[in-house]
Amino acid sequence: MASTEPFDQLTGTLKIYIAPQGEAIPAVNTTPAGNWVELGATDGEQSLEHAGENTYFRDNAHQGPVKGVRPEEDVIAHFTVVGLTLENYARILHQVSQVTAAGGPPATKKIPLKRGATLTEYALLLRGEAMSPYGIFPAMYVIPRGVFDGQPQPTFAKDGRPALECDFYVLEDDSQADADRMGWLIAQTA
Amino acid sequence: MIDPLEAVINLARQDADLNALVEQRIAARHKFGVKGATGWPVPSAALQLRYDGGGTPDTYTRRSRLRLEARCYGESQAAAFQVYARLIALTRRSTRVLAETGGVAALIDYLLPDSGPSFIQDPAAGVDAVLVFLKTAVAEQAAA
């Protein structure tokens, strides 16, 4: 295979798209549309955490471990949303249907702060327009099912701006192929 | 090895809005006071990009990480700021980009502002300018 340098050294940030869980996944080279909504501007670094510690087994015949297993694993996306429309805020807290608009005057929008006991499940895309390691092509992480975790804490300051720090926790999606149940990474190659 | 300054200059030249503003006067060395067709009128909108000498060398991979000095010229401070604003718009992209250099493509990982703007009057040219510093990373080998 031809060298993938310099494209395989990735630089840049991702756009976050959100949709109701079960929404069809767009092709990698298609800008998400329809029920897929870009989740506002983000600030700072974004990351995808492949979590889960291995357990190692030993026996009396060897000094080192002889077997390792991964009894649990998690995939968690971390990012910070600074585009704080009430629609974005609601998607992160609970769901966008919680936004109520009134004509006024004054015209208003309102969301409840209570998140409730039931978590809203979403699908998420973390997409980079030129994030493929094989050329100036798109690539994206696809998370078909997950929920917002954590305790977002928008903080107001004279020289700062409030933000919602998001931890998007992947749930297994049994409607996907076995290997893809916790999401996948897809990159265009040509 | 890719000339990273040439790559960034060509990236700026690829921007139609910026080119329309400066009428293709983008170079590593300004041409104010140069006689003949290649000279730039004094004053006029233009962009000079040159090495600043800063930046942290990438000692591990084949990538040039540099600090550049940009002088955004204009007929007035307001006109110079228009050139600056268009240059800053170039730095707002969040993804990598290709720029042609000497018949091959250069991969520019990023081009970002590294300072705020300063209004100056270029001492040599006597033209109003906005001075701003940029940081960039450009792959040393051709991308295609």
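Predicted model only: the values in this text are computed from it and were never measured.

A. Highlighting the overall build of chain B. Looking only at helices and strands, chain B features 3 helices and 7 strands. Reading chain B from its N end, one meets helices and strands in the order α-α-β-β-β-α-β-β-β-β. Its C-alpha atoms put chain B at 45 × 30 × 25 Å along the principal axes. Residues classed as buried in chain B amount to 39% of the 144 residues present. Looking at chain B alone, contacts between residues at least 24 apart form 60% of all its contacts between residues at least 6 apart.

B. Inspection of the nonpolar core at higher detail. Ranked by internal contacts, the top residues of the largest apolar core, which has 72 residues, are Leu124 of chain A together with Val8, Leu47, Cys72, Val83, Ala106 and Ile108 of chain B. Looking at which element gives the most residues to this core, the answer is strand β7 (residues 128–139) of chain B, with 7 residues.

C. Broad picture of the interface of chain B and chain A. Counting residues at the interface gives 13 residues for chain B and 12 residues for chain A. The set of elements that each furnish at least two residues to the side of chain B that touches chain A consists of β4 (97–101), β5 (104–113) and β7 of chain B. The greatest single-element share of the side of chain B that touches chain A, amounting to 3 residues, is contributed by β5 of chain B. For the side of chain B that touches chain A, a count of residues per class yields 7 nonpolar, 4 polar and 2 charged.

D. Geometry of the environment of cysteine 72 of chain B. Residue and element names in this part refer to chain B. Mapped onto the fold, cysteine 72 is located in strand β3 (residues 63–74). Taking C-alpha positions, cysteine 72 is 22 Å from valine 138, a pair spaced 66 residues apart along the chain. Discounting chain neighbours no more than four positions away, the residues touching cysteine 72 are Leu47, Ala80, Val83, Tyr84, Leu87, Ala129 and Val130.

E. Helix α1 (residues 86–93) of chain A, seen in detail. Residues and elements named next belong to chain A. α1 sits mainly inside the fold: 6 of its 8 residues count as buried. Buried within α1 we find Asn88, Tyr89, Ala90, Arg91, Ile92 and Leu93. Where α1 is buried, its residues contact β1 (15–20), β6 (74–81), β10 (139–149) and β11 (164–170).

F. Molecular detail of unusual backbone geometry. Cis geometry is found at the peptide bond from glycine 104 of chain A to proline 105 of chain A, where omega equals 10 degrees. If you trace the backbone, proline 105 of chain A turns up in the loop between β7 (100–102) and β8 (108–110). Located in the positive-phi region is glutamate 23 of chain B, a residue other than glycine, with phi close to 50 degrees. With respect to the helices, strands and loops of the structure, glutamate 23 of chain B is situated in the loop between α2 (16–22) and β1 (26–27).

G. View of the pairing of β10 of chain A. All names here are of chain A. Counting buried positions along β10 gives 8 out of 11 residues, so the element sits mostly inside the fold. Note that strand β9 (residues 122–128) and β10 share 6 bridges and pair antiparallel. The partner of arginine 127 across the bridge, within β10, is methionine 140. As paired elements, β10 and strand β12 (residues 184–187) share 4 bridges and run antiparallel to each other. Note that in β12 the partner of methionine 140 across the bridge is isoleucine 186.

H. Highlighting the pairing of β5 of chain B. Residues and elements named next belong to chain B. Of the pairings in the sheet, the one linking β4 to β5 comprises 5 bridges and is antiparallel in character. Residue pairing for β5: glutamate 100 is matched across the bridge by alanine 105. The sheet contact formed by β5 and β7 spans 5 bridges and is antiparallel. Bridged to proline 113 within β7 is leucine 134.

Parameters at a glance
Residues numbered from 1 in each chain as written. Chains lettered and ligands numbered in written order. Predicted model: local features only at pLDDT ≥ 70, side-chain atom pairs only at ≥ 80, totals over all residues. Helix = DSSP H or I, 4+ residues; strand = E, 2+ residues; numbered from the N terminus. Buried ≥ 20, exposed ≤ 12 C-beta atoms within 10 Å, placed from the backbone. Contact = placed C-beta atoms within 7 Å. Core = buried A, V, L, I, M, F, W, Y, C linked by C-beta atoms within 7 Å. Nonpolar A, V, L, I, M, F, W, Y, C, P; charged D, E, K, R; others polar. Pairing = 2+ DSSP bridges.

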